[in-house]
Amino acid sequence: CVLRKIAERTPLQRLLEHLLRSMEKRDPQQFFAWPVTDSIAPGYSQIITNPMDFSTIKQKIDDNSYQNLNEFVEDFKLMCDNATTYNHPDTIYYKAAKKLLPVGLKMVTPEKLRQLRPVLT
Ligand SMILES: CC(=O)c1cc(-c2ccccn2)c2ncccn12
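Residues numbered from 1 in each chain as written. Predicted model: local features only at pLDDT ≥ 70, side-chain atom pairs only at ≥ 80, totals over all residues. Heavy atoms only, no water.

Draft legend 1. Summary view of the site of the ligand. In the region of the ligand, the neighbouring residues are Gln30, Phe31, Phe32, Val36, Ile40, Ala41, Asn87 and Tyr93. Between the ligand and Asn87, the relevant distance is 3.0 Å, taken from an oxygen atom to a side-chain nitrogen or oxygen of the residue. For the ligand, a nitrogen atom lies 3.3 Å from a polar atom in the side chain of Tyr93. Surface burial for the ligand is 75%, taken as the share of its 400 Å² of free accessible area covered by protein chains. Given that more than half its atoms are within 2 Å of the pocket grid, the ligand belongs to the largest pocket. Counted by class, the shell around the ligand contains six nonpolar, two polar and no charged residues. (Near = heavy atom within 4 Å. Polar contact = N/O pair within 3.5 Å; in protein donor to acceptor, adjacent residues only side chain to side chain. Areas by Shrake-Rupley, 256 points an atom, 1.4 Å probe, with all protein chains shown as cover. 1 Å grid on protein atoms, 1.4 Å probe; cavity = no way out; pocket = protein on both sides within 12 Å on 5 of 7 lines; lining within 4 Å. Sits in = over half its atoms within 2 Å of the grid points. Nonpolar A, V, L, I, M, F, W, Y, C, P; charged D, E, K, R; others polar.)

Draft legend 2. Focus on the packing of helix α1 (residues 11-25) against helix α3 (residues 54-62). Across the interface, α1 lies against α3 with an axial gap of 10 Å and an inter-helix angle of 170°. Judged on the interaxial angle alone, α3 and α1 are roughly antiparallel. As α1 runs across α3, the sense of the crossing is left-handed. Every residue of α3 that contacts α1 at Gln13, Leu16, Glu17, Leu20, Met23 and Glu24 is listed here: Phe54, Ile57, Lys58, Ile61 and Asp62. (Axes fitted to C-alpha atoms, helices over the stretch in contact; angles between N-to-C directions. Helix = DSSP H or I, 4+ residues; strand = E, 2+ residues; numbered from the N terminus. Parallel < 35°, antiparallel > 145°, perpendicular 65-115°, else oblique. Left-handed = near helix turned anticlockwise from the far one by under 90°. Contact = heavy atoms within 4.5 Å.)

Draft legend 3. Spatial organisation of unusual backbone geometry. Positive phi, normally seen in glycine, also occurs at Gln30, with a value near 55°. As for its position among the elements, Gln30 is in the loop between α1 and α2 (44-47). One non-glycine residue, Asn64, adopts positive backbone phi at about 55°. Tracing the backbone through its elements, the reader meets Asn64 in the loop between α3 and α4 (69-86).

Draft legend 4. Representation of the layout of surface pockets within the structure. Looking at the largest pocket, its volume works out to about 340 Å³. What lines the largest pocket is a set of 18 residues, and nearest its centre among them are Phe31, Val36, Ile40, Asn87 and Tyr93. The element contributing the most residues to the lining of the largest pocket is α4, with four residues. Broken down by class, the residue content of the lining of the largest pocket amounts to 15 nonpolar, three polar and no charged. Volume-wise, the second largest pocket comes out at about 220 Å³. Surrounding the second largest pocket, Arg26, Asp27, Pro28, Gln29, Phe31, Phe32, Ile92, Ala96, Lys99, Leu100 and Val103 form its lining. Split into classes, the residues belonging to the lining of the second largest pocket amount to seven nonpolar, one polar and three charged. (Points joined across faces, edges and corners; volume = space filled by probe spheres on them.)

This is the structure in structure tokens:
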């Protein structure tokens, strides 16, 4: 029906949504769920020129903005790097980012991705 175009998912979108859900599970306090505001983080927008968070990644998946897996991984790394740039090492946000980065990167190793194929096709 031309009026209600159901958003069909490409295989890449299905892979990225699966990976995003897995990464979000490793952020139970939802520190990375939403954009960081200047009200909760003074001067944030002056210090962090390319902000990134899970909700923005989700929107980019839905908008089919990622051409490949690497662009998605780059945004995940950017999100974690922003947190270690803005926050001091003794903060919960810095420590959470330091823990989340390797966990997220392990999800996209060739070995892990091979295990995924049957599930996602
Ligand atoms: C990710 C990050 O840098 C962050 C998340 C938060 C945050 C996230 C959810 C609820 C409250 N704060 C935050 N607060 C102060 C300074 C930095 N942050």
